[in-house]
Amino acid sequence: MEEQSLKIFEDLDSRIENYPDFRMRVKEYIFATQNQKDKLENSLELNGSSASLLKDVAAKTLAFTQSVSGMPLGDEVVKAVLSAYTFVHMKIGSYSILVAVAKMLNDSQTLLMCEQALTDEVAMAQWLKGNMTAISEEYLLRVLNDDDRADR
């Protein structure tokens, strides 16, 4: 999940050069996601497991994540905001489940890590929701003004 998240958001970062606030938030999110990935791998290792056990889940979500990455269509930035919002909510659900599992297993270290990751994901979802309209309006104004920078 975190590897796909990194791919999606790093891809997005390279495509939204004309939306500086959105791009800055994406860069912050990439940093947080890398941190989450590292901590999650460490937690799996400490619990005698590995990321390979998660590959089945990753394979099932691959089709979805491919659909939210790399959309070079006319209204790319608008679709990017919507796709990012959707993907972040999938991560919120995933971390909510991991929090519940960590509680059941009395794994306080994993619980703390997952709760922090969940907080980060909720913050990103709130940022996207709060800025979705402004980004869409900026895009539409650029289109109406025949601005070449509308899509990216």
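Definitions and cut-offs
- Residues numbered from 1 in each chain as written.
- Predicted model: local features only at pLDDT ≥ 70, side-chain atom pairs only at ≥ 80, totals over all residues.
- Heavy atoms only, no water.
- Helix = DSSP H or I, 4+ residues; strand = E, 2+ residues; numbered from the N terminus.
- Buried < 20%, exposed > 50% of the residue type's maximum accessible area, 1.4 Å probe, protein only.
- Contact = heavy atoms within 4.5 Å.
- Areas by Shrake-Rupley, 256 points an atom, 1.4 Å probe, with all protein chains shown as cover.
- Phe/Tyr/Trp six-rings, centres within 6.5 Å; stacked < 30°, edge-to-face > 60°.
- Lys NZ or Arg CZ within 6 Å of the ring centre and 35° of its normal.
- Expected span 1.5 Å × (residues − 1).
- Patch = residues over 30% accessible without salt bridge, like charges linked within 9 Å, V, L, I, M, F, W, Y side chains within 5 Å.
- Salt bridge = Lys/Arg side-chain N within 4 Å of Asp/Glu carboxyl O.

### Details of the overall build of the protein
Assigned secondary structure in the protein consists of five helices and zero strands. Going from the N terminus to the C terminus, the protein shows its helices and strands as α-α-α-α-α. When the 152 residues of the protein are sorted by exposure, 38% land in the buried category. Counting only contacts in the protein whose residues sit at least 6 apart along the sequence, the fraction spanning at least 24 positions is 73%. Summed over all atoms, the accessible surface of the protein reaches about 8700 Å², with 58% contributed by carbon and sulfur.

### Brief notes about the packing of aromatic side chains
Given two aromatic rings, their pairing is described by the distance between the two centres and the angle made by the two planes. Under the defined criterion, the tally for this structure stands at two aromatic pairs. Centroid distance F22 to W127: 6.0 Å. Interplanar angle 15°. Geometry classified as stacked. Of the two residues, F22 sits in helix α2 (residues 20-46) while W127 sits in helix α5 (residues 108-144), which places them 105 residues apart along the sequence. The ring of Y19 carries the charged tip of R142 above its face, separated from the ring centre by 4.4 Å.

### Notes on helix α4 (residues 76-104)
Here α4 spans 42 Å end to end across 29 residues, near enough to the 42 Å set by a 1.5 Å rise per residue. Positive backbone phi, at 55°, marks N106, one or two positions downstream of α4.

### A few points about the environment of E3
With respect to the secondary-structure elements, E3 resides in helix α1 (residues 2-15). As for E3 and T33, which are separated by 30 residues in sequence, their C-alpha atoms are 8.5 Å apart.

### Topic: a nonpolar patch on the surface
On the surface, I97, V101, M104 and L105 cluster together to form a nonpolar patch covering roughly 470 Å² of accessible area. Looking at the secondary structure, you find I97 in helix α4. Under the relative-accessibility criterion, I97 is labelled exposed at 55%.

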